[in-house]
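This is what each chain is made of:
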Amino acid sequence: MTAGQIAGLIAAIAFLLLVIFIGLFLMKVSRTISEVNASIRMMTSNVEVIAKQTDKIMATSNDLVKDVDDKLNIVTPVFQAAADLGQSVSDLNSATQNLTKRVKDTGKKGVSAGLAGKFGKGAWNMYRNRKSTKNTTK
């Protein structure tokens, strides 16, 4: 064998090893891509299931929100009536306080009028007694 033939044989063996390593690499890449495709298919089916469940949850949530809204519309007049009742009680309380104040003021005036009346009665009695004493002494 000549040097050219040995160089060609080495080049052929190197090329053969390169092809074998490239083939092994491509087989690994092919397996990886197959696994990625299987994962993508599984994720796609899972996403579809999740999307269907999400649609059901959203529909149920919408029904619940509508139901709560309807019930709130029913209960709102009750709260309004309670607020009106509270206002009425507050007005009644104010009116009662005003009446109590007037009665107290009238009572104070009556007491002072009663004292003035007693004083006046006493003064009148004294005047009558004095006058009758003057008339009897004359």
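Since the structure is predicted, the reported quantities are computational estimates derived from the model, not experimental observations.

Rules of the game
- Residues numbered from 1 in each chain as written.
- Predicted model: local features only at pLDDT ≥ 70, side-chain atom pairs only at ≥ 80, totals over all residues.
- Heavy atoms only, no water.
- Helix = DSSP H or I, 4+ residues; strand = E, 2+ residues; numbered from the N terminus.
- Buried < 20%, exposed > 50% of the residue type's maximum accessible area, 1.4 Å probe, protein only.
- Areas by Shrake-Rupley, 256 points an atom, 1.4 Å probe, with all protein chains shown as cover.
- Patch = residues over 30% accessible without salt bridge, like charges linked within 9 Å, V, L, I, M, F, W, Y side chains within 5 Å.
- Salt bridge = Lys/Arg side-chain N within 4 Å of Asp/Glu carboxyl O.

Asks: Looking at this structure, I do not really get the overall build of the chain. What am I missing?
Replies: When you go through the chain residue by residue, the secondary structure sums to 1 helix and 0 strands. Here the chain holds 138 residues, and 0% of them are scored as buried. As displayed, the chain has an accessible area near 12,500 Å², and 68% of this comes from carbon and sulfur atoms.

Asks: Just to check I follow, could you spell out a nonpolar patch on the surface for this structure?
Replies: Side chains of Met1, Ile6, Leu9, Ile10, Ile13, Leu16, Leu17, Ile20, Phe21, Leu24 and Met27 sit close together on the surface and give an oily, nonpolar patch of about 1,100 Å² of accessible area. Structurally, Ile6 can be placed in helix 1 (residues 3-137).

Asks: How should the pattern of salt bridges be read in this particular structure?
Replies: Opposite charge on two side chains makes pairing possible when the charged atoms of those side chains draw close. Applying the stated criterion across every chain, the model contains 2 salt bridges. Across the pair Asp67 and Lys71 runs a salt bridge, and its minimum N-O distance is 3.2 Å. Here the residue Asp67 and the residue Lys71 both occupy positions in helix 1, the gap between them amounting to 4 residues, near one helical turn. Assessed through its relative accessible area of 33%, Asp67 is described here as partly exposed. With relative accessibility at 48%, the residue Lys71 sits in the partly exposed group.

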